[in-house]
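What follows is each chain in one-letter form.
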Amino acid sequence: SLSEDDFAGLLKRAKEIKGEMAELPVLILDPMLPKQRLRFEVSCPIFVDLVRNENVTKFAMIASNPLKNKLNDYGSEVEVTKCSVVEGVSDNEVLPVPSMPSGLGKIGAGGDTVLAVELTATRRFKMLGEPWEGPGFVKGGPGYGYYVGRVQYMDDMKDEAVG
């Protein structure tokens, strides 16, 4: 049987591990490093809804490897650090980006509201398994729905040097 000290230590470690993992909506765009910023305009109804109506402020940003036709294993958590409605711009004036497998369709297509967004990468992670279809996902739909992924945060100070 466990002593009270052993049990307390076990609970503390479980809390630490839980704090090192999260489930986040997945953005498949570019690889980013912590503190790097990315600014863009978007009118995708799902992204706009997540940011403005669902108050989602953090995403798992991961890149796709076109040579292997799969997602990279590592990415960065990104936080919405600036977001504002762009007045007087239609979605036809926003430059489209190639369709993203994240289910966000084409950035700059399909919505009435255009947002100017700044994302800032906060910390690196390893993707645990494959992302899955989030709420409202319509397979083959015109960018309706999004993916969610489980990530494990990396402590860069503890990472061993590769060499």
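Calculation rules
For every chain, the first residue of its written sequence is number 1, and the numbers climb from 1 along that sequence. Where totals are concerned, whole chains, interfaces and linings use all residues; where local detail is concerned, this predicted model gives features only for residues with pLDDT of at least 70, and gives and counts side-chain atom pairs only at 80 or more. Hydrogen atoms and water are omitted, and side-chain values are computed over all heavy atoms in the structure. Between the rings of Phe, Tyr and Trp (Trp by its six-membered ring), a pair exists once the centres lie within 6.5 Å; its type follows the angle of the planes, with under 30 degrees stacked, over 60 edge-to-face, and the other angles tilted. Only protein chains enter the area calculation, which uses a 1.4 Å probe; residues under 20% of their type maximum are buried, those over 50% are exposed, and those in between are partly exposed. The criterion for a charge sitting over a ring is simple: Lys NZ or Arg CZ within 6 Å of the ring centre, and within 35 degrees of the ring normal. For this analysis, a nonpolar core means a set of buried residues of the types Ala, Val, Leu, Ile, Met, Phe, Trp, Tyr and Cys, connected via side-chain atoms within 4.5 Å. What counts as a helix is a DSSP run of H or I of at least four residues, what counts as a strand is a run of E of at least two, and both are numbered from the N terminus.

Per the counting criterion, the structure on display carries two aromatic pairs. Consider the rings of Phe 40 and Phe 47, whose centres lie 6.1 Å apart with planes at 55 degrees: the pair is tilted. Taking relative accessible area as the criterion, Phe 47 reaches 2% and is therefore assigned buried. Every member of this aromatic cluster is reached through a ring pair, and the members are Phe 40, Phe 47 and Phe 59. Here the basic side chain of Arg 123 rests over the ring of Tyr 153, its NZ or CZ set 3.5 Å away from the ring centre.

The biggest cluster of nonpolar side chains holds 21 residues, and the ones touching the most others in it are Leu 27, Val 42, Phe 47, Phe 59, Val 78, Val 117 and Leu 119. Put simply, the parts of the chain that give this core at least two residues each are β2 (37–42), α2 (45–53), β3 (58–65), β5 (74–85) and β6 (115–127). Sorting elements by how many residues they give to this core places α2 first, with five residues. Of all hydrophobic cores here, the second largest spans eleven residues; its members include Leu 24, Val 26, Ala 60 and Val 151.

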